[in-house]
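Residues per chain are reported as follows:
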Amino acid sequence: MRRMAEELKPTEQSSWWISKWLPSWCPTSASQLKEAEEKMLKSVNSPLSRQHVQISNSNFIWTVALAPQGRTLPMPQSPSTSSPPGHQRHPPLVMLHGFGGGVGLWAQNLDSLSSHGPVYALDLLGFGRSSRPQFATDPQSAEEQFLSSLEEWRERVGLEEMLLLGHNLGGYLSAAYTLKHPHRVKRLILVEPWGFPARAEDPNHGSIPVWIRAMGAVMSPFNPLAGLRLAGPLGPMLVQTTRSDFKQKYSALFDDNTVSDYIYHLNVQTPSGETAFRNMTIPFGWAKRPMLERFGAIHADVPVSFIYGSRSSIDSDSGHAIQKSRPDVEIVVIRGAGHYVFADQPEDFNRTVLQILAQM
């Protein structure tokens, strides 16, 4: 497999004033994020290709790709050219992470899933090692920026069709992309997708304690991860303490703070995609534009699968609601897994995805 250049260095984006003091207050930098990601991906045995794929407005999408033994991957040769679309034996699997995530979190899945065919894992625009531009404040416009960046990425790489898999926010955006570009999606796999149901009619529902409602009202003007950046030098320890579960999720690969370091550096860079996400939500994490209200417009000839964890705080009600009108929709619940089903039960998750892909 042809290796892509690791460092096609993108043009640096000018960003707002906060980026000027964040690195000095928070012990992070782009190079530290790069090193943390490389540690995460060292556990992947298959050869990896990595590249900043240039899109419009000097933005770029950080891309990690794998192919089965002896296969090559279409990728742009230079920032000024696109790869011509060609015949694809198997449409590639394109994986979109969730809010606050990055390509490194797929470390336990990439080897296995690439046995079916080519795999591309992307850092969403505004997250990870992709560009962090300013997003529109309007939720529909912010969503459109995400979708446009994905479509431009597809054109630049030269893919005709893809098998689209998204987790959390990535699941929401995968569904939105399929709505807009149905002829580009051969199959849609939604893993614990965020943003499907509408908010309950009574926002002050008794099941939400008063102190949580009050906290939500106080924190709503701020980005979801603002507290982590405000913690400054204490941030790494804060992640290790509050998300100690991630160390267990990846304990088969690491026995140190590799995962928490990666999560920290992902989420204390300039808050770009994070700000877009905030603008797309209402208090307590509901989507301003719920996907469940739009999902019926997805073409019936696009197969859809939902994957949930049995121990997740996100229930499978949305998937079952869609299944009522589309009986062909597949719903799989993986036992013993929480929201990060691909990390909680990686072998079961990989087996499930491969079984879905084998139906193509």
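J.: Mind laying out the overall build of the protein chain, listing which residues take part and the relevant values?
T.: Scanning the protein chain for helices and strands turns up 14 helices and ten strands. With 360 residues in all, the protein chain has 53% of them scored as buried. Contacts spanning at least 24 positions in sequence make up 76% of the contacts within the protein chain whose residues lie at least 6 apart. Accessible surface, the protein chain as shown: approximately 16,000 Å² in total, 53% of it carbon and sulfur.

J.: Please give an account of the sheet that holds strand 9 (residues 304-309) that cites residues and values.
T.: Across the sheet, which stays open at both edges, the eight strands sit in the order 1-2-4-3-5-6-9-10 with mixed pairing between neighbours. At either margin of the open sheet sits one strand with a lone partner, and together these are strand 1 (49-54) and strand 10 (330-334). For this sheet the average axis-to-axis angle between neighbouring strands, irrespective of direction, equals 20°.

J.: Mind laying out helix 10 (residues 258-267), listing which residues take part and the relevant values?
T.: With respect to burial, helix 10 is a largely interior element, nine of its ten residues being buried. Looking at helix 10, one finds that the buried residues are Thr 258, Val 259, Ser 260, Tyr 262, Ile 263, Tyr 264, His 265, Leu 266 and Asn 267. Looking at the packing, one finds that the buried side of helix 10 touches helix 2 (30-41), helix 7 (226-230), helix 8 (235-242), helix 9 (245-249) and helix 11 (273-279).

J.: Before we move on, can you summarise unusual backbone geometry with the specific residues and values?
T.: A positive phi is found at Asn 57, a non-glycine position, where the angle reads about 60°. Assessed through its relative accessible area of 65%, Asn 57 is described here as exposed. With a phi close to 60°, Asn 168 is a non-glycine residue in the positive phi region.

J.: Kindly report on the pairing of strand 1, identifying the contributing residues and their values.
T.: The element strand 1 is largely enclosed, with a buried count of six among its six residues. What you see with strand 1 is no split at all: Ser 49, Gln 51 and Val 53 on one side and Arg 50, His 52 and Gln 54 on the other are buried throughout. Hairpin connection between strand 1 and strand 2 (residues 60-66): a loop of five residues separates the two successive antiparallel strands, and Asn 57 in this loop has a positive phi of roughly 60°.

J.: Summarise the packing of helix 4 (residues 139-157) against helix 5 (residues 169-180); cite the residues concerned and give the values.
T.: Angle between the axes and distance between the axes: these two values describe a pair of packed helices. Interhelical geometry of helix 4 versus helix 5 gives an angle of 70° and a closest axis separation of 10 Å. Considered as vectors, helix 4 and helix 5 are oriented roughly perpendicular to each other. For the pair formed by helix 4 and helix 5, the contact residues are Glu 143, Glu 144, Phe 146, Leu 147, Leu 150, Glu 151 and Arg 154 on the first element and Tyr 172, Leu 173, Ala 176, Tyr 177 and Lys 180 on the second. In terms of residue class, the contact of helix 4 with helix 5 is built from seven nonpolar, no polar and five charged.

J.: Break down the packing of aromatic side chains for me, citing the residues and quoting the values.
T.: Counted according to the given criterion, the structure contains 15 aromatic pairs. Where Phe 196 meets Phe 295, the ring centres are 5.8 Å apart and the plane angle is 45°; that geometry is what we call tilted. With Phe 196 in the loop between strand 6 (185-193) and helix 6 (210-219) and Phe 295 in the loop between strand 8 (286-287) and strand 9, this residue pair connects regions lying 99 residues apart in the sequence. Judged by relative accessible area, Phe 295 falls into the buried class, the value being 2%. Aromatic rings pair up to connect Phe 99, Phe 127, Phe 135, Phe 146, Tyr 172, Trp 194 and Phe 277 into one cluster. For the cation-ring pair, Arg 129 lies above Trp 62, with the distance from its terminal atom to the ring centre recorded as 3.9 Å. Sitting over the ring of Phe 246, Lys 249 keeps its end group 5.6 Å from the ring centre.

J.: I'd like a rundown of the nonpolar core, residues and numbers included.
T.: With 49 residues, the main nonpolar core has Val 94, Tyr 120, Trp 153, Leu 169, Leu 188, Phe 295 and Phe 306 as its most contacted residues. Setting aside anything within four residues of it in sequence, one finds Phe 295 in contact with Ala 175, Leu 188, Leu 190, Phe 196, Val 304, Phe 306 and Ile 322. Membership of the second largest hydrophobic core comes to 46 residues, among which are Cys 26, Leu 48, Leu 66 and Phe 254.

J.: Pulling in residues and values, what's your account of the side chain of Ser 46?
T.: Its location among the elements puts Ser 46 in the loop between helix 2 and strand 1. Excluding residues that lie within four positions of it along the chain, Ser 46 makes contacts with Leu 66, Asp 111 and Ser 114.

J.: Could you give me a rundown of the confidence of the model for the protein chain, with the residues and numbers involved?
T.: Looking at the protein chain, pLDDT values average 86 and 82% of them are 70 or higher. Confidence over residues 206-221 falls short of pLDDT 50; this stretch has twelve contacts with residues more than four positions distant or in other chains.

J.: I'd like a description of the pairing of strand 10, backed by residues and values.
T.: Across five bridges, strand 9 lies against strand 10 in parallel orientation. By the bridge assignment, Ser 305 is partnered in strand 10 with Glu 330. For the segment spanning strand 9, helix 12 (residues 317-325) and strand 10, crossover handedness is right-handed.

J.: Can you tell me about the pattern of salt bridges, naming the residues and giving the values?
T.: In this structure the tally under the stated criterion is 14 salt bridges. A salt bridge links Arg 154 to Glu 155; its shortest N-O distance comes to 3.9 Å. The exposure class assigned to Arg 154 is buried, which follows from its relative accessible area of 5%. Judged by its relative accessible area of 43%, Glu 155 falls in the partly exposed class.

J.: Hey, could you go over the environment of Phe 246 for me, with residue numbers and the actual values?
T.: Among the secondary structure elements, Phe 246 is positioned in helix 9. Note on Phe 246: relative accessible area 3%, which makes it buried. For the pair Phe 246 and Ser 260, spaced 14 residues apart in sequence, the C-alpha separation works out to 7.0 Å.

Calculation criteria
- Residues numbered from 1 in each chain as written.
- Predicted model: local features only at pLDDT ≥ 70, side-chain atom pairs only at ≥ 80, totals over all residues.
- Heavy atoms only, no water.
- Helix = DSSP H or I, 4+ residues; strand = E, 2+ residues; numbered from the N terminus.
- Buried < 20%, exposed > 50% of the residue type's maximum accessible area, 1.4 Å probe, protein only.
- Contact = heavy atoms within 4.5 Å.
- Areas by Shrake-Rupley, 256 points an atom, 1.4 Å probe, with all protein chains shown as cover.
- Pairing = 2+ DSSP bridges.
- Axes fitted to C-alpha atoms, helices over the stretch in contact; angles between N-to-C directions.
- Parallel < 35°, antiparallel > 145°, perpendicular 65-115°, else oblique.
- Nonpolar A, V, L, I, M, F, W, Y, C, P; charged D, E, K, R; others polar.
- Phe/Tyr/Trp six-rings, centres within 6.5 Å; stacked < 30°, edge-to-face > 60°.
- Lys NZ or Arg CZ within 6 Å of the ring centre and 35° of its normal.
- Core = buried A, V, L, I, M, F, W, Y, C linked by side-chain atoms within 4.5 Å.
- pLDDT = per-residue confidence, 0-100.
- Right-handed = clockwise from strand over helix to strand, strands pointing away.
- Salt bridge = Lys/Arg side-chain N within 4 Å of Asp/Glu carboxyl O.

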